[in-house]
Amino acid sequence: MTNLFDYDREGLEAYFVDAGHKPFRARQVMKWIFHRNQLDFDAMTDLSRDLRAWLREDANLALPEIVERFESTDGTIKWLVRVGNGNSVETVLIPERGRNTLCVSSQVGCVLDCSFCATGKQGFNGNLSTAEIIGQLLLANAELKARGEAVTNVVLMGMGEPLLNFDAVVRATNLMTDDLAYGISKRRVTISTAGVVPAIYELAKVTDVSLAISLHAPNDALRSELVPINRKYGIAELITACNHYIGNLGEKRTLTMEYTLMKGVNDGLEHARELADLLRHVRCKINLIPFNPFPASGYVRPDVSAVRRFQTVLLNAGFATMLRTTRGEDISAACGQLIGKVQDRTKRQTRYLARVRAEELA
Ligand code: SAH
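In this text the structure is predicted, and so the values were computed from the model without any measurement.

A. Representation of the overall build of the protein in the model. Looking only at helices and strands, the protein features 12 helices and 14 strands. In summary, the protein has a C-alpha radius of gyration of 21 Å against a globular reference of 21 Å for 362 residues, a match within 12%. Projecting the C-alpha coordinates of the protein onto the three principal axes gives extents of approximately 70 × 50 × 40 Å. The contacts in the protein between residues at least 6 apart in sequence include a share of 67% that link residues at least 24 apart. Of the side-chain charges in the protein, 44 are positive and 42 negative, and the distance between the mean point of each set is 3 Å.

B. Structural detail: the pattern of salt bridges. Going through the model one piece at a time under the given rule, you end up with 16 salt bridges. Of the charged contacts, one joins Glu96 and Arg99 as a salt bridge, the two residues approaching to 3.5 Å between their closest N and O atoms. Judged by relative accessible area, Glu96 falls into the partly exposed class, the value being 34%. Measuring nitrogen to oxygen at the nearest pair gives 3.2 Å for the salt bridge that ties Asp208 to Lys186. Here Asp208, found in the loop between α7 (197-206) and β11 (210-214), pairs with Lys186, found in the loop between α6 (166-177) and β10 (189-193); they are 22 residues apart in sequence, far enough to count as distant. Through salt bridges with shared partners, a single ionic network connects Arg69, Glu71 and Glu143.

C. Seen up close, the sheet that holds strand β12 (residues 255-261). In spatial order, the strands read β3-β4-β5-β6-β9-β10-β11-β12-β13-β14; together these 10 strands make up an open sheet with mixed pairing. Across the chains shown, the open sheet's two edge strands, defined by having one partner strand only, are β3 (65-71) and β14 (321-323). Between one strand and the next, the sheet's axes are offset by a mean angle of 20 degrees, whatever the strand orientation. In the packing of α6 onto the sheet, the strands contacted are β9 (153-156) and β10, and the crossing angle to β10 comes to about 160 degrees. Packed onto the sheet, helix α11 (residues 304-316) meets β12, β13 (284-290) and β14 and runs at close to 160 degrees relative to β14.

D. How the structure looks around helix α10 (residues 269-278). Along α10, the residues classified as buried are His271, Ala272, Leu275 and Ala276. Along the long axis of α10, the arc covered by the buried residues comes to 135 degrees, so they all point the same way. Contact partners of the buried residues in α10: α8 (220-226), β12 and α11.

E. Up close: the domain arrangement of the protein. Parsing the protein into structural domains produces domain 1 (2-60) and domain 2 (65-361). One C-alpha centre belongs to domain 1, the other to domain 2; they are set 33 Å apart. Taken together, the contact pairs 12 residues of domain 1 with 14 residues of domain 2. Each partner contributes to the roughly 1200 Å² buried at the junction of domain 1 and domain 2, and carbon and sulfur atoms together form 62% of this total. If you sort the residues of domain 1 by the area they bury against domain 2, Asp6, Asp8 and Phe34 come out on top, with a joint share of 42%. Connecting domain 1 to domain 2 are one salt bridge. Arg9 is the partner of Asp178 in a salt bridge, and the nearest nitrogen-oxygen pair spans 2.7 Å. Here domain 1 and domain 2 share nine residue pairs in polar contact (both at pLDDT 80 or more) between them. Considering each element in turn, the side of domain 1 that touches domain 2 owes the most residues, five residues, to helix α2 (residues 25-35). Tallied by class, the residues present in the side of domain 1 that touches domain 2 amount to four nonpolar, three polar and five charged.

F. Structural view of the nonpolar core. In this structure, Leu255, Met257 and Leu279 are the most contacted members of the largest nonpolar core, which totals 116 residues. Of the domains in this structure, domain 1 (2-60) and domain 2 (65-361) are the two that each give at least three residues to this core. Apart from residues lying up to four places away in sequence, Leu279 is in contact with Leu215, Ile239, Met257, Cys284, Ile286 and Phe319.

G. Quick peek at the site of the ligand. As a structural note, the neighbourhood of the ligand is formed by 21 residues, with Phe116, Ser192, Ser214, His216 and Asn292 the closest of them. Between the ligand and Ser214 there is a distance of 2.6 Å, counted from an oxygen atom to a side-chain nitrogen or oxygen. Here an oxygen atom of the ligand sits 2.5 Å away from a polar atom, N or O, in the side chain of His216. Out of a free accessible area of 530 Å², the ligand has 95% covered by protein chains. If you list the elements that add at least two residues to the shell around the ligand, you get β10 and β12. Its residues assigned to classes, the shell around the ligand shows 10 nonpolar, nine polar and two charged.

H. Expanded view of the packing of helix α1 (residues 9-18) against α2. Two elements in contact, α1 and α2, have axes separated by 8 Å at closest approach and are oriented at 125 degrees. Compared by their axis directions, α1 and α2 come out oblique. By crossing handedness, the relation of α1 to α2 is classed as right-handed. Between α1 and α2, the residues in contact are Arg9, Leu12, Glu13 and Phe16 and Arg25, Ala26, Arg27, Val29 and Met30, respectively. In terms of residue class, the contact of α1 with α2 is built from five nonpolar, no polar and four charged.

About the cut-offs
- Residues numbered from 1 in each chain as written.
- Predicted model: local features only at pLDDT ≥ 70, side-chain atom pairs only at ≥ 80, totals over all residues.
- Heavy atoms only, no water.
- Helix = DSSP H or I, 4+ residues; strand = E, 2+ residues; numbered from the N terminus.
- Rg over C-alpha atoms; globule rule 2.2 N^0.38 Å.
- Contact = heavy atoms within 4.5 Å.
- Lys, Arg positive; Asp, Glu negative; His and termini not counted.
- Charge placed at Lys NZ, Arg CZ, Asp CG, Glu CD.
- Salt bridge = Lys/Arg side-chain N within 4 Å of Asp/Glu carboxyl O.
- Buried < 20%, exposed > 50% of the residue type's maximum accessible area, 1.4 Å probe, protein only.
- Pairing = 2+ DSSP bridges.
- Axes fitted to C-alpha atoms, helices over the stretch in contact; angles between N-to-C directions.
- Arc of directions from axis to C-beta.
- Domains from an automatic or database assignment.
- Buried area = accessible area lost by both parts, 1.4 Å probe.
- Polar contact = N/O pair within 3.5 Å; in protein donor to acceptor, adjacent residues only side chain to side chain.
- Nonpolar A, V, L, I, M, F, W, Y, C, P; charged D, E, K, R; others polar.
- Core = buried A, V, L, I, M, F, W, Y, C linked by side-chain atoms within 4.5 Å.
- Near = heavy atom within 4 Å.
- Areas by Shrake-Rupley, 256 points an atom, 1.4 Å probe, with all protein chains shown as cover.
- Parallel < 35°, antiparallel > 145°, perpendicular 65-115°, else oblique.
- Left-handed = near helix turned anticlockwise from the far one by under 90°.

As structure tokens, then:
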């Protein structure tokens, strides 16, 4: 069985052509699926009877199932979604005035193990398929439909490192921006990366969706401590790759630099100044994220005043600098709090749970 949700338009055309059908069948089927919400091949009445019968035999439209739904007092909704092999991932819908942002997962767990992120502590099981990524959008839209709304912005900032699941993520973002599917503007679809430098160059060849970089530190010594992949691809290399990607965007578009603020770690005024200096030749805006706690993290969120002082340095240096408001914290749906249910293939989850238990007993 071929799950048609694993294809973008190009892939679906190839699927039909390989079976001896006309490529325009892809357009017809995509319209049924994404515009008319029709997942039953038999109801796709502009396809011939034979073609429908063949699709029934050869293909399906399988989506991940919802295990549980959580709703925050601030309106944020989090779903735990079942994917293959006993794993679940989390998806978060953040309604704001005039827009609905969906935070989508791309992997079951994450291999990168950034020191301050709960997802890394769960270890890793594998990649999500395109169907499992796009399925998260489908279920959020199903919920929003009742309000006459839809997802307007997608950020690949859920569980996992999107650029380590490159092909499935690119196909999913192709569907998000394709008029025959979701038709969301490429500015409003953002891939976030901890800095997989070679994949940033590859990405520039195939798409121009928005890109966010999880920077978190202004120098290699500190960044290597927080974001271990920095030991492989240092800041200088990362900035060069960023400028390459920006060259691929229109003149008015910018990159986003994400910076999670942790008290006494990277939130000093000297860090802010060093950051401003580092980014002075990068067309970017800066998103400050006050640290969101999780058990046995070892980090603390800075006071509001410290966050404001940090922001002011960057604003004065001429950077558009936003403070990301924490959303969905009461349902553990905030940045860095997503854990899902990972059948860990590393030893990391066990070690982490032992630390949590030790802290509870202490
Ligand atoms: N792996 C990708 C996608 C995850 S994005 C990436 O690193 O960009 C999740 C964002 O939340 C990243 O910017 C991450 O650094 C940030 N984050 C992780 N843990 C956090 C925490 N505990 N508090 C606040 N932000 C956190």
